[in-house]
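Chains, contacts and geometry: an overview
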Amino acid sequence: MKKYLLLSLLCLPFMLAAQTKVKETDVPKSVLLTLEKTYESYKVKTWYQAPGQYVADFVTDGQNGRCYFTASGEWQYSSFPVALTECPTLMNTYFVNNYPGYRIKSIEYIEEMSGDNYYRLVIVKKGIGSNDCELIFDTRGKLQKSTAPDPEVVKRDYYAHSNPDEASEIQKSAEEDNSRAHRSSKRRSKSVEDVPEIERPMPSDAITTNFNKRYPATRLKAGPDWYLRGDEFVAYYTNNQKNDFEAVYDIQTEKLVRTGKVLQKERYTSAILKYLN
């Protein structure tokens, strides 16, 4: 899809504010002819004029929409509001699974001059003062472009905000593990030649096999580093985007119980900071 079109969509609120109603007799014939060529059956409800642009509020095949033209009569694109139930299941699933704590502000189906049609989903974080984010999906519901935050960060922050006690316990355990590892490293450095290195407990073959299937080596930048934490084995690893994650396995069942992104202290939510303080 063309970059200029995406830019025009992002600027759409400003463009709408600058539009003024005009009569059809004031619309250039080139614009009217282009509309006739673009849609076989239609009815214009209102014409608007903006700097270098004409916009038609119209109905075609029983669907309300807006059609955008340049002042010279070239069709740019058309937008049609759609309900969530009319969108591809894949698109709905992506939003629900990746953006907890967000709400849908608007959904539009866009028809481009190039024939590259797609869905434009505008979402916003629940609360006051949050900025709109845009997700672009193709007609099958596959994500193509996004201005929204990283889904892993969103889910991690949402979970931490919803479960501050558990989040702080996880962070406390991780800090204790790091502290023990640091102390152990200092002790070994003083007497590395005198004391044989103690072998670190490692997970079972079933656990490592499960991890390798979920996170093949081609997807990892570093790790996994395994640590025993109570009745759990925790794998710390870094993906190819250099983000740190952990995968936690139950020793008894040898099954994955949870995964999550390891947050740096500067990324802690206000709830976690309040609890720690």
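Note that the coordinates shown come from a computational prediction; the quantities given were computed from them, not determined experimentally.

Here we come to the confidence of the model for the protein. Looking at the protein as a whole, its pLDDT mean stands at 81, while 75% of the residues score no less than 70. When the elements of the protein are averaged for pLDDT, helix α1 (residues 3–10) gives the smallest value, 44, and strand β8 (residues 132–138) the largest, 95. Residue range residues 1–17 is modelled with pLDDT below 50. Its contacts to residues more than four positions away, or to other chains, number 28 contacts.

A separate point is the packing of aromatic side chains. For any two aromatic rings, the description comes down to two numbers: the centre-to-centre distance and the angle of the planes. Counting across every chain of the model gives 16 aromatic pairs. Note on Tyr 39 and Phe 58: the rings are 5.1 Å apart at their centroids and 55° apart in plane angle, and the pair reads as tilted. Taken together, the residues span a long stretch of sequence, with Tyr 39 in the loop between α3 (29–38) and β2 (43–50) and Phe 58 in strand β3 (residues 53–60) at a distance of 19 residues. Of the two residues, Tyr 39 and Phe 58, both sit in the buried class. Ring plane angle 45° and centroid distance 5.0 Å describe the contact between Phe 211 and Tyr 215, whose orientation is recorded as tilted.

The peptide bond linking Gly 223 to Pro 224 adopts the cis configuration, its omega dihedral lying at 10°. For Pro 224, the position within the fold is in strand β10 (residues 220–229). You will see that Asp 61, though not glycine, has its phi angle at about 55°, which is positive. Inspection of the secondary structure puts Asp 61 in the loop between β3 and β4 (63–70). With phi around 60°, Glu 254 is a residue other than glycine that occupies positive phi space. Take Glu 254: it is sitting in the loop between β12 (244–250) and β13 (256–261). Taking relative accessible area as the criterion, Glu 254 reaches 32% and is therefore assigned partly exposed.

Calculation rules
- Residues numbered from 1 in each chain as written.
- Predicted model: local features only at pLDDT ≥ 70, side-chain atom pairs only at ≥ 80, totals over all residues.
- Heavy atoms only, no water.
- pLDDT = per-residue confidence, 0-100.
- Helix = DSSP H or I, 4+ residues; strand = E, 2+ residues; numbered from the N terminus.
- Contact = heavy atoms within 4.5 Å.
- Phe/Tyr/Trp six-rings, centres within 6.5 Å; stacked < 30°, edge-to-face > 60°.
- Buried < 20%, exposed > 50% of the residue type's maximum accessible area, 1.4 Å probe, protein only.

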